[in-house]
Amino acid sequence: MKFYELTPDYKEKSQQHLEQNTNKSYHDLKLEIKKLNIDFQHKDIDEKILIGTTIFKRLLQTDNGFTILDSIKNPKKTLYSDEHLMIQQLIFQLFQIIKNDVNYELIFPTIVSHHHANMPQYIPEI
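Rules and cut-offs
For every chain, the first residue of the written sequence is number 1, and numbering continues from 1 along that sequence. The model is predicted, so local features are restricted to residues of pLDDT at least 70 and side-chain atom pairs to those at 80 or more, both for listing and for counting; the totals for chains, interfaces and linings are taken over all residues. Side-chain numbers come from the whole structure's heavy atoms, not from hydrogens or water. For the purposes of this entry, the term helix denotes a DSSP run of H or I that reaches at least four residues, the term strand denotes a run of E that reaches at least two, and both are numbered from the N terminus. Take the residue count of a helix, subtract one, and multiply by 1.5 Å to get its expected span. Residue contacts are defined here by distance: any two heavy atoms, one from each residue, within 4.5 Å place the two residues in contact. Put simply, buried Ala, Val, Leu, Ile, Met, Phe, Trp, Tyr and Cys residues joined by side-chain atoms within 4.5 Å make one nonpolar core. Only protein chains enter the calculation, and the probe is 1.4 Å; a residue is then buried if its accessible area is under 20% of its type maximum, exposed if over 50%, and partly exposed in between. N or O atoms within 3.5 Å of each other form a polar contact, as long as, within protein, one can give a hydrogen and the other can take it, and as long as residues adjacent in sequence are counted only when both atoms are side-chain atoms. The score called pLDDT rates the predictor's confidence residue by residue, from a low of 0 to a high of 100. Each aromatic pair joins two rings of Phe, Tyr and Trp (for Trp, the six-membered one) with centres within 6.5 Å, and gets the label stacked for planes under 30 degrees apart, edge-to-face for over 60, and tilted for any other angle.

### Here we look at helix H1 (residues 10-39)
Taking 1.5 Å per residue, 30 residues should reach 44 Å; H1 reaches 41 Å between its end C-alpha atoms and fits that length. The elements touched by buried residues of H1 are helix H2 (45-73) and helix H3 (81-99).

Printed below as a string of structure tokens:
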């Protein structure tokens with residue numbers, strides 16, 4: 001048998017937790033991509049695919065975190081517009097690093113296909 005107890009001030013604490021994790025991830029990603037610009041070419045192809053896939057996933061998750069925070073705090077205004085724009089630029093930088101790699105034709109399609117489920121899908125009404 002399990003007993004569950006609600007955390008006092010759950011709503012506020014969960015929002016703070018989301019905000020802290022999203023901000024930490026955001027700042028870490030900026031540093032990682034800066035470092036990746038130098039290190040990427042020295043990795044083997046499997047590492048490049050793993051790194052590219054992981055960083056792209058984290059960028060999307062972080063942007064989702066800011067979107068959720070925007071929705072919670074003020075659904076009529078984008079409070080994290082600077083962060084959204086920076087994530088857009090970081091995705092561009094990541095893709096540029098991959099595009100400039102000698103193994104681009106193998107790496108890029110693999111990363112994109114891995115994230116196919118995260119991309120918008122249009123399903124016409126039946």
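### What about the nonpolar core?
The tendency in soluble globular proteins is for nonpolar side chains to be buried side by side. One finds Ile55, Leu59 and Leu94 to be the most contacted residues of the largest nonpolar core, which totals 20 residues. Every element with two or more residues in this core is listed here: H1, H2, H3 and helix H4 (104-114). Not counting chain neighbours up to four residues away, the residues in contact with leucine 94 comprise Leu36, Gly52, Ile55, Phe56 and Leu59.

### Some remarks on the side chain of threonine 62
Inspection of the secondary structure assignment puts threonine 62 in helix H2. With relative accessibility at 4%, the residue threonine 62 sits in the buried group. At 2.7 Å, the side chain of threonine 62 and the backbone oxygen of arginine 58 are in polar contact. Setting aside anything within four residues of it in sequence, one finds threonine 62 in contact with Thr22, Ser25, Tyr26, Leu29 and Ile87.

### Focus on the environment of methionine 86
Within the fold, methionine 86 resides in helix H3. Residue class for methionine 86 comes out partly exposed when judged on its relative accessible area of 24%. Taking the C-alpha atoms as reference points, methionine 86 and lysine 35, 51 residues apart in sequence, are found 16 Å from one another. When neighbours within four sequence positions are excluded, methionine 86 is seen to be in contact with Tyr26 and Lys30.

### Concerning the confidence of the model for the protein
The predicted model of the protein has a mean per-residue pLDDT of 92, with 99% of residues at 70 or higher. At the low end of the mean pLDDT range in the protein sits H4, at 91; at the high end sits H3, at 97.

### A few points about the packing of aromatic side chains
Two descriptors summarise a pair of aromatic rings, namely the distance from one centre to the other and the angle between the planes of the rings. Throughout the structure, instances matching the rule amount to 5 aromatic pairs. Geometrically, the ring pair formed by tyrosine 104 and phenylalanine 108 is stacked, given 5.5 Å between the ring centres and 25° between the ring planes. Of this pair, tyrosine 104 and phenylalanine 108 are both found in helix H4, 4 residues apart, which corresponds to roughly one turn of the helix. Look at phenylalanine 108 and you get partly exposed, because its relative accessible area is 23%. Clustering of aromatic rings is evident, with ring pairs tying together Phe56, Phe95, Tyr104 and Phe108.

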